[in-house]
Amino acid sequence: MNKLDIIIYMRQRKDDRRKTFQTLTLITQLGLVMIVAMGMTTAAGIWLDQKLGTSFFTVILFFLGAAGGCQGVYRMVKQIFRDEDGKDDGISKKER
């Protein structure tokens with residue numbers, strides 16, 4: 001192995017490490033979007049249930065938060081794949 005081969009190998013390892021960290025960052029970000037959406041709406045539901053003396057707002061707002069979190073994750077993933085391809089995903093602007 002000559003010096004040039006070693007340099008090429010080290011650059012490839014650096015690129016692989018960068019991709020690994022980018023992937024871990026993406027996974028963390030997607031998880032946080034879900035947790036924050038569900039956590040905030042559940043907390044609001046608990047607060048409403050305590051103030052109004054009911055027991056159903058927590059469940060309703062939990063599922064609304066889960067749906068909102070899923071929508072946020074979907075939009076982030078869609079944006080990431082659009083950026084990687086360098087083109088739109090085929091959805092017309094009227095459908096958005």
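Structure first, text after, so check above.
Calculation rules
- Residues numbered from 1 in each chain as written.
- Predicted model: local features only at pLDDT ≥ 70, side-chain atom pairs only at ≥ 80, totals over all residues.
- Heavy atoms only, no water.
- Helix = DSSP H or I, 4+ residues; strand = E, 2+ residues; numbered from the N terminus.
- Buried < 20%, exposed > 50% of the residue type's maximum accessible area, 1.4 Å probe, protein only.
- Contact = heavy atoms within 4.5 Å.
- Areas by Shrake-Rupley, 256 points an atom, 1.4 Å probe, with all protein chains shown as cover.
- Patch = residues over 30% accessible without salt bridge, like charges linked within 9 Å, V, L, I, M, F, W, Y side chains within 5 Å.
- Salt bridge = Lys/Arg side-chain N within 4 Å of Asp/Glu carboxyl O.
- Expected span 1.5 Å × (residues − 1).
- Phe/Tyr/Trp six-rings, centres within 6.5 Å; stacked < 30°, edge-to-face > 60°.
- Lys, Arg positive; Asp, Glu negative; His and termini not counted.
- Polar contact = N/O pair within 3.5 Å; in protein donor to acceptor, adjacent residues only side chain to side chain.

Draft legend 1. View of the overall build of the protein chain. Looking only at helices and strands, one finds two helices and zero strands in the protein chain. The 96 residues of the protein chain split such that 12% are buried. For the protein chain, restricting intrachain contacts to residue pairs at least 6 apart in sequence, the fraction spanning at least 24 positions comes to 45%. Total accessible area on the protein chain stands at roughly 8,000 Å², and carbon and sulfur atoms take up 64% of it.

Draft legend 2. Just a nonpolar patch on the surface, in detail. Taken together, the side chains of I6, Y9 and M10 present a nonpolar region at the surface, about 310 Å² in accessible area. Within the secondary structure, M10 is located in helix 1 (residues 3–52). Overall, M10 belongs to the exposed group, its relative accessible area being 52%.

Draft legend 3. Highlighting helix 1. Taking 1.5 Å per residue as the helical rise, helix 1 with its 50 residues ought to reach 74 Å, and the 73 Å between its terminal C-alpha atoms agrees with that figure. Among all positions in helix 1, only L30, T42, G45 and D49 are buried. Downstream of helix 1 by one or two residues, G53 has phi in the positive range, about 70°.

Draft legend 4. Fine view of the packing of aromatic side chains. Considering all chains together, one arrives at two aromatic pairs under this definition. For the pair F62 and F63, a centre-to-centre distance of 5.3 Å together with 75° between the ring planes defines the contact as edge-to-face. For F62, a relative accessible area of 31% puts it in the partly exposed group. Residue F63 is classed as exposed on the basis of its relative accessible area of 55%.

Draft legend 5. Local environment of the environment of L26. Within the element layout of this structure, L26 appears in helix 1. Separated by 54 residues in the primary sequence, L26 and I80 have C-alpha atoms spaced 9.6 Å apart.

Draft legend 6. Just the side chain of D49, in detail. With respect to the helices, strands and loops of the structure, D49 is situated in helix 1. One buried charge, D49, has no salt-bridge partner; the nearest side chain with opposite charge is K51, at 13 Å. Side-chain polar atoms of D49 contact the side chain of T54, separated by 2.7 Å. Residue contacts for D49: discarding those within four places in its chain leaves T54, S55, F56, F57 and T58.

Draft legend 7. Main features of the environment of M34. Residue placement: M34 occurs in helix 1. For the pair M34 and Q71, spaced 37 residues apart in the sequence, the C-alpha separation amounts to 9.2 Å. If near-sequence neighbours (up to four positions away) are discounted, M34 is found in contact with A66, G69, C70 and V73.

That is the geometry; function is a separate question.
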